[in-house]
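Letter by letter, the chains look like this.
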Amino acid sequence: MVEQDDGAASTRRPHTLPGADFLDVESQLDERERAKLEEVRAFVAEHVAPYAGTWWTTEQFPFHLLPKLGALGISTPTRHGYSHLFHGLLIAELARADASLATFFMIHHDLFVESLYDFGTQGQRERYLADAAALRTTGAFALTEPDHGSDVAKGMETRARRDGDHWIINGAKRWIGNGTFCEHMLLWAQDEQTGTVRGFVLDTSLPGVSTSRIENKISLRTVQNADVVLRDVRVPEADRFPGIESFADTNQLLRSSRIMVGWLAVGQQLAAFDVARAYVLEREQFGRPLAAFQLIQQKLATMLGNATASLALMAQIAHAQARGTERMDQAALAKAFTTERMRESVALGRAALGGNGIVTDHRMARIFADAEAIYTYEGTQDVNQLIVGRAVTGISAIS
């Protein structure tokens, strides 16, 4: 392929360029939802985007932002009359500004707060829900262990033993987002007596709970992932989730969370496209903008195609959620496909920026690095592909 010929026609561009939402999926929202999404967009433009690079580089979490974020009133939006499509676009918009903030939001609201709704007793909701929804307190989801990730369902080593009106818990968890600072965790442990998996609201200030931040990450550096150690921690029976009787009860949460990661991958692609397009329109080489070269336009077109396909897929998943027909294999397909497309898109965006693509000053390096974590968490690419493979063949390749 050769570069375009010089000339005014090759570099002329319209005053208004189409957005990365090329099919205008956002138009499917109702008026209230569009207004709220614009409010969120303005919020992140003012309070997040200008500072996210510094938070990422210094590995500092923006605690000062939590009251303002809580005041937006976007916790568990489908519980408050918003559509699943709005919920997904909300996650994408947060990720478009900062994948770390979007990840925090998902851990806290889509896992911890949703678990209070799905599994909590009335008393537990009264004690924890209002503060958590308003971000006066924060929560985490403590499932993964040092030696068990994809196989944690069968290999969980954290143990809980009933002792009168308490449970004594011993074990360890790893990669727990928000784990260094949260007040509460949804903690998963195996009942020593029955072998079933139990869920607990763990007060992280209890004796025997210790947390330490995982250092030297190259991805989602603003997120405070923790190693958690539990030594003879006494948790009241009143803080056990009675709605959880087996690991299968986690499927509802994990299915929804996996779908939200698909939306996060959409947001990453929108961000990569935004940054790459703005850069190549301004950056000049050989006397004209980079955007005037065919190979650069090919990169942008591929990135836009990836983002558009991912967005369209996630919109269909949202419609399935609205009907209550979404399945785990569909969630797995969504997560696997969108993160694969994301990985290609951010690599193309990084290449379009050349050497400037490896420094955080131009944002693309952060987008590129964060994509690696998104590609892995909520089920690795391999495991999600095998879930889809099992669905379409009827044969499980997972031992």
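The structure under discussion appears in the preceding block.
Residues numbered from 1 in each chain as written. Predicted model: local features only at pLDDT ≥ 70, side-chain atom pairs only at ≥ 80, totals over all residues. Heavy atoms only, no water.

Colleague: Kindly report on the overall build of the chain, identifying the contributing residues and their values.
Modeller: A tally of helices and strands in the chain yields 13 helices and nine strands. The C-alpha atoms of the chain give 22 Å as radius of gyration, which agrees with the globular expectation for 399 residues (21 Å, within 12%). Dimensions of the chain, computed from C-alpha atoms along their principal axes, come out at roughly 80 × 50 × 45 Å. For the chain, the residues scored as buried account for 52% of the 399 residues in total. Expressed as a percentage of contacts within the chain between residues at least 6 apart in sequence, the contacts between residues at least 24 apart total 75%. (Helix = DSSP H or I, 4+ residues; strand = E, 2+ residues; numbered from the N terminus. Rg over C-alpha atoms; globule rule 2.2 N^0.38 Å. Buried < 20%, exposed > 50% of the residue type's maximum accessible area, 1.4 Å probe, protein only. Contact = heavy atoms within 4.5 Å.)

Colleague: For the environment of Ser83, give the residues involved together with the corresponding values.
Modeller: Along the chain, the position of Ser83 falls in the loop between helix H4 (66-71) and helix H5 (84-97). Expressed as a C-alpha distance, the spacing of Ser83 and Gln321, which sit 238 residues apart in the sequence, is 9.2 Å. Setting aside anything within four residues of it in sequence, one finds Ser83 in contact with Leu29, Glu33 and Thr78.

Colleague: Which residues make up the packing of helix H11 (residues 328-352) against helix H12 (residues 364-376), and what values go with them?
Modeller: Direction vectors running N to C along H11 and H12 enclose 160°, while the axes themselves pass 9 Å from each other. Between H11 and H12, the crossing angle belongs to the class labelled roughly antiparallel. The handedness of the crossing between H11 and H12 is left-handed. Taken together, the residues of H12 that come into contact with H11 (itself represented by Lys335, Thr339, Glu340, Met342, Arg343, Val346, Ala347, Gly349 and Arg350) are Met364, Ile367, Phe368, Ala371, Glu372, Ile374, Tyr375 and Thr376. Among the residues making up the contact of H11 with H12, the classes are represented as nine nonpolar, three polar and five charged. (Axes fitted to C-alpha atoms, helices over the stretch in contact; angles between N-to-C directions. Parallel < 35°, antiparallel > 145°, perpendicular 65-115°, else oblique. Left-handed = near helix turned anticlockwise from the far one by under 90°. Nonpolar A, V, L, I, M, F, W, Y, C, P; charged D, E, K, R; others polar.)

Colleague: Lay out the nonpolar core with the relevant residues and their values.
Modeller: The nonpolar side chains of soluble globular proteins are, as a tendency, buried together. Val48, Leu69 and Trp263 are the most contacted members of the largest nonpolar core, which has 78 residues in total. For this core, the leading source of residues is helix H9 (residues 251-282), giving 16 residues. Those residues in contact with Leu69 that sit more than four places away from it in its chain are Phe43, Ile74, Leu101, Phe104, Phe105 and Leu135. Counting residues in each nonpolar core, the second largest holds 21 residues, with Met156, Val197, Leu253 and Leu254 among its members. (Core = buried A, V, L, I, M, F, W, Y, C linked by side-chain atoms within 4.5 Å.)

Colleague: Tell me about the packing of aromatic side chains, residues and numbers included.
Modeller: In the structure shown here, the tally under the stated rule is 11 aromatic pairs. On the numbers, 4.5 Å between centres and 20° between planes, the contact of Tyr82 with Phe86 is stacked. The same class applies to Tyr82 and to Phe86, which are both buried. Chaining the aromatic ring pairs together yields one cluster made of Phe61, Phe63, Phe104 and Phe181. (Phe/Tyr/Trp six-rings, centres within 6.5 Å; stacked < 30°, edge-to-face > 60°.)

Colleague: Give a detailed account of the layout of surface pockets, specifying residues and quantitative values.
Modeller: Approximately 1,400 Å³ is the volume found for the largest pocket. Going through the elements one at a time, helix H6 (99-119), helix H8 (152-155), strand E3 (166-177), H9, H12 and helix H13 (381-393) are the ones with two or more residues in the lining of the largest pocket. Counting residues per element, the lining of the largest pocket draws most heavily on H9, which supplies five residues. Among the residues forming the lining of the largest pocket, the class breakdown is 20 nonpolar, 14 polar and seven charged. (1 Å grid on protein atoms, 1.4 Å probe; cavity = no way out; pocket = protein on both sides within 12 Å on 5 of 7 lines; lining within 4 Å. Points joined across faces, edges and corners; volume = space filled by probe spheres on them.)

Colleague: Account for the pairing of E3, naming residues and giving values.
Modeller: Taken together, the five bridges between strand E2 (residues 159-163) and E3 define a ladder with antiparallel strand orientation. Along E3, the bridge assignment pairs Arg162 with Trp167. Linking E2 back to E3 in an antiparallel pair, the connection comprises two residues, with Gly164 at a positive phi of about 65°. (Pairing = 2+ DSSP bridges.)

Colleague: Provide a residue-level description of the pattern of salt bridges, including the pertinent values.
Modeller: Per the stated rule, a full pass over the model turns up 24 salt bridges. For the salt bridge of Asp131 with Arg136, the shortest nitrogen-to-oxygen distance reads 2.7 Å. Judged by its relative accessible area of 30%, Asp131 falls in the partly exposed class. Classification of Arg136 as exposed rests on a relative accessible area of 54%. Of the charged contacts in the structure, one is a salt bridge between Glu344 and Arg341, with a shortest N-O distance of 3.9 Å. Residue Glu344 and its partner Arg341 are located together in helix H11, separated by three residues, close to a single helical turn. Overlapping salt bridges bring together Glu26, Glu38, Arg41, Glu93, Arg96 and Asp274 as one network. (Salt bridge = Lys/Arg side-chain N within 4 Å of Asp/Glu carboxyl O.)

Colleague: Tell me about the environment of Ala153, and name the residues and values.
Modeller: As for its placement among the helices and strands, Ala153 is situated in helix H8. For the pair Ala153 and Glu33, spaced 120 residues apart in sequence, the C-alpha separation works out to 37 Å.

Colleague: For empty space enclosed by the protein, give the residues involved together with the corresponding values.
Modeller: Within this structure, the stated rule accounts for two cavities of 30 Å³ or more. Every residue lining the largest cavity is listed: Asp21, Glu26, Leu37, Arg41, Leu89, Ala92, Glu93, Arg96, Val266, Leu270 and Leu311. The set of elements that each furnish at least two residues to the lining of the largest cavity consists of helix H2 (31-47), H5 and H9. Looking at the lining of the largest cavity, the element that brings in the most residues is H5, giving four residues.

Colleague: Can you explain H13? Please cite residues and give values.
Modeller: Because each turn of an α-helix spans 3.6 residues, side chains separated by three or four positions end up pointing in the same direction. For H13, spanning 13 residues, the distance from its first C-alpha to its last is 18 Å, which sits close to the expected 18 Å at 1.5 Å a residue. Along H13, the residues classified as buried are Gln381, Asn384, Ile387 and Val388. Buried positions in H13, seen along its axis, are confined to an arc of 130° and lie on one side of it. Exposed side of H13, more than 90 degrees from the buried face: Asp382 and Thr393 are the residues found there. Buried residues along H13 sit against H9, H11 and H12. (Expected span 1.5 Å × (residues − 1). Arc of directions from axis to C-beta.)

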